[in-house]
Amino acid sequence: MNKIDQLNYNQLKVFIAVYEHGQSHQAANELGITPSGVSRTLKILRDIFKDSLFIRRCSGFVATEKTHQLIPLARELVAHYQQLEMQHSVFTPEESGGQYVIHAYDEFIYPVQQVIRNEILTEAPNMKFDVRVLTHDCSSDLANGDVDFVVVYEGFNGKNLNAEMFSATDNLYILARSGHPILKQELTLANITQYACLEIDNYDDLSCPLLVNLCREEDLCMEVDGYTDSVATAMRLLSESDAITLVCNEFTRQFVDMLPAVQWVKLPEELAKRCRIRRRENREIGNYLLYGNVNQSAAFNWVKSKLICGLESAWRRAAER
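Residues numbered from 1 in each chain as written. Predicted model: local features only at pLDDT ≥ 70, side-chain atom pairs only at ≥ 80, totals over all residues. Heavy atoms only, no water.

Asks: Just checking my understanding: could you explain unusual backbone geometry for this structure?
Replies: Trans peptide bonds make up the majority, and among non-glycine residues the majority have a negative phi. Of note, the phi angle at Lys 50 is positive, near 55°, even though the residue is not glycine. In this structure, Lys 50 sits in the loop between helix 3 (35-49) and strand 1 (54-57). With relative accessibility at 59%, the residue Lys 50 sits in the exposed group. (Helix = DSSP H or I, 4+ residues; strand = E, 2+ residues; numbered from the N terminus. Buried < 20%, exposed > 50% of the residue type's maximum accessible area, 1.4 Å probe, protein only.)

Asks: When you look at the sheet that holds strand 7 (residues 173-177) in this model, what are you seeing that I'm missing?
Replies: Whenever strands of a sheet pair, they do so through backbone hydrogen bonds, lying parallel or antiparallel. What the 3 strands build is an open sheet, ordered 10-7-11; its pairing is antiparallel. If you trace the sheet from one side to the other, it starts and ends with strand 10 (245-247) and strand 11 (262-266), each paired once. Taken pair by pair, the neighbouring strands of this sheet meet at an average axis angle of 35°, ignoring direction. With 5 bridges connecting them, strand 7 and strand 11 associate as antiparallel partners. (Pairing = 2+ DSSP bridges. Axes fitted to C-alpha atoms, helices over the stretch in contact; angles between N-to-C directions.)

Asks: Explanation requested: helix 2 (residues 24-31) in the structure shown.
Replies: A turn of α-helix holds 3.6 residues, and therefore any two residues three or four places apart point the same way. Considered for burial, the residues of helix 2 that qualify are Ser 24, Ala 27 and Ala 28. Projection of helix 2 onto a plane perpendicular to its axis shows the buried side chains occupying an angular sector of 100°, all on one side. Where helix 2 terminates, the next one or two residues include Gly 32, which has phi positive at roughly 75°. (Arc of directions from axis to C-beta.)

Asks: Any chance you could explain the side chain of Ser 24 here in plain terms?
Replies: Checked against the element boundaries, Ser 24 lands in helix 2. Setting aside residues up to four positions removed in sequence, Ser 24 forms contacts with Val 38 and Phe 61. (Contact = heavy atoms within 4.5 Å.)

Asks: Whenever I open this one, the pattern of salt bridges confuses me. Can you help?
Replies: Close approach of charged atoms allows side chains with opposite charge to pair. The final tally for this structure, using the stated rule, is 11 salt bridges. The salt bridge partner of Arg 253 is Asp 257, with a shortest N-O separation of 3.1 Å. Measuring nitrogen to oxygen at the nearest pair gives 2.3 Å for the salt bridge that ties Glu 269 to Arg 276. Classification of Arg 276 by relative accessible area gives buried; the value is 12%. (Salt bridge = Lys/Arg side-chain N within 4 Å of Asp/Glu carboxyl O.)

Asks: Sorry, what's going on with the sheet that holds strand 5 (residues 149-153) here?
Replies: Spatially, 5 strands are ordered 4-3-5-12-6 in an open sheet, and the strand pairing comes out mixed. Where the open sheet ends on each side, the last strands, each with one partner, are strand 4 (128-133) and strand 6 (161-167). Here the average twist between neighbouring strands, direction ignored, is 20°. Strand direction decides the pairing type here: strand 5 and strand 12 (residues 287-292), joined by 4 bridges, are antiparallel. Following the sheet pairing, Val 150 is matched in strand 12 by Leu 290. Of the strands in this sheet, strand 3 (99-104), strand 4, strand 5, strand 6 and strand 12 touch helix 5 (residues 106-120), which is tilted by about 170° from strand 4.

Asks: How should I be thinking about the side chain of Asn 287 in this particular structure?
Replies: Structurally, Asn 287 can be placed in strand 12. A residue is classified by how much of its surface remains accessible, and Asn 287, at 0% relative accessible area, is buried. Setting aside residues no more than four positions away along its own chain, Asn 287 makes contact with Phe 108, Val 152, Tyr 153, Glu 154, Glu 164, Met 165, Phe 166, Ser 167, Ala 168, Thr 169 and Trp 315.

Asks: Can you walk me through the packing of aromatic side chains in this structure?
Replies: Working definition: an aromatic ring pair is given by the centre-to-centre distance plus the angle between the planes. Within the structure shown, the criterion is met by 15 aromatic pairs. Between Phe 15 and Phe 54 the ring centres are 5.9 Å apart and the planes differ by 65°, which places this aromatic pair in the edge-to-face class. On the criterion of sequence distance, the pair formed by Phe 15 in helix 1 (residues 9-21) and Phe 54 in strand 1 is long-range, its members being 39 residues apart. Phe 15 gets classed as buried once you look at its relative accessible area, which sits at 1%. (Phe/Tyr/Trp six-rings, centres within 6.5 Å; stacked < 30°, edge-to-face > 60°.)

Asks: Honestly, the pairing of strand 12 in this entry has me stumped. Any pointers?
Replies: A regular strand carries its side chains on alternate faces of the sheet. The element strand 12 is largely enclosed, with a buried count of 6 among its 6 residues. Here strand 12 shows a buried face lined by Asn 287, Leu 289 and Tyr 291 and a second buried face lined by Tyr 288, Leu 290 and Gly 292. Relative to strand 12, strand 6 runs antiparallel, the two sharing 6 bridges. Residue pairing for strand 12: Glu 164 is matched across the bridge by Leu 289.

Asks: In this structure, what is going on with the state of the cysteines? I would like to understand it.
Replies: Such a bond, covalent and formed between the sulfur atoms of two cysteines, is termed a disulfide. Per the stated rule, a full pass over the model turns up 0 disulfides. Here Cys 248 stays unpaired: no disulfide links it, and the sulfur of Cys 275, its closest cysteine neighbor, is 9.5 Å away. (Disulfide = S-S within 2.5 Å.)

Asks: I keep staring at the packing of helix 1 against helix 3 and nothing clicks. Help me out?
Replies: Packed helix pairs are characterised by how far apart their axes lie and by the angle those axes make with each other. Viewed as axis vectors pointing N to C, helix 1 and helix 3 meet at an angle of 100°, and their least axial separation amounts to 10 Å. In this view, helix 1 runs roughly perpendicular relative to helix 3, as classed from their interaxial angle. Facing Gln 11, Val 14, Phe 15 and Val 18 of helix 1, the residues of helix 3 in contact are Val 38, Thr 41, Leu 42, Ile 44, Leu 45 and Ile 48. When the residues that make up the contact of helix 1 with helix 3 are grouped by side-chain class, the tally is 8 nonpolar, 2 polar and no charged. (Parallel < 35°, antiparallel > 145°, perpendicular 65-115°, else oblique. Nonpolar A, V, L, I, M, F, W, Y, C, P; charged D, E, K, R; others polar.)

Written out as structure tokens, the structure reads:
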């Protein structure tokens, strides 16, 4: 008996996800279901098509010839289902599920978690989120749908990538230990260069700190004390030395307000302007939400809008303090 009439939309999505990832747990993460749910669906699909579909190897699932033949048809069917879903289904957050993977610079992790907890899960309690610190260029992961959103400084150009700014970078701050002489001195390059620079360095940051470059332009020498991509580590290091650091993130400055061992002072506009000009030589300054073109569902677009609006509001509140 032909069982093809038992095939449904969710089964096709599992089929495609396993084919693209080669791993049941990655397919499960993308679809917001359990690995056991993926296994059950594969068992049904094997019965429908009378084929093993995937052969398990140490490296993951390997597609059979039958699967290679079926995938183009499955993708076409799913595309039609998605079109129906977008144009004719009624999206209700409280009934929506799925899991979303978000990578963000360390400074953005807390506000992202706050937006999820206070503005998304209150309306969509069945959604799940995997939020991790961004440690590498995951442009390809965004493009193929392995990562749903990335929160970063500045925009990034890439094939099949979209970038929406949720806040501009205006103010820059010098951070130093409490009682540091720089906090009471006039913030000139001559005074700044007396102290070593600790750079809070993200994976795709500049090869040389901006303050160091500015000092070099004035024939001044500013030593580099070190690099770290951890805000918490940077605060500990600053509290134990005379090093200083430059930040452009309101969430980082807001975090410093909670730490008695570290203080901040606003960089004068003339120096801040020079920093911004040099930063723009590489990329336009701002804080962005990046995402790909794979997921165009109503739920995905709803989460996207919540993240953009929520982060924009959080940044504005932080900047007003």
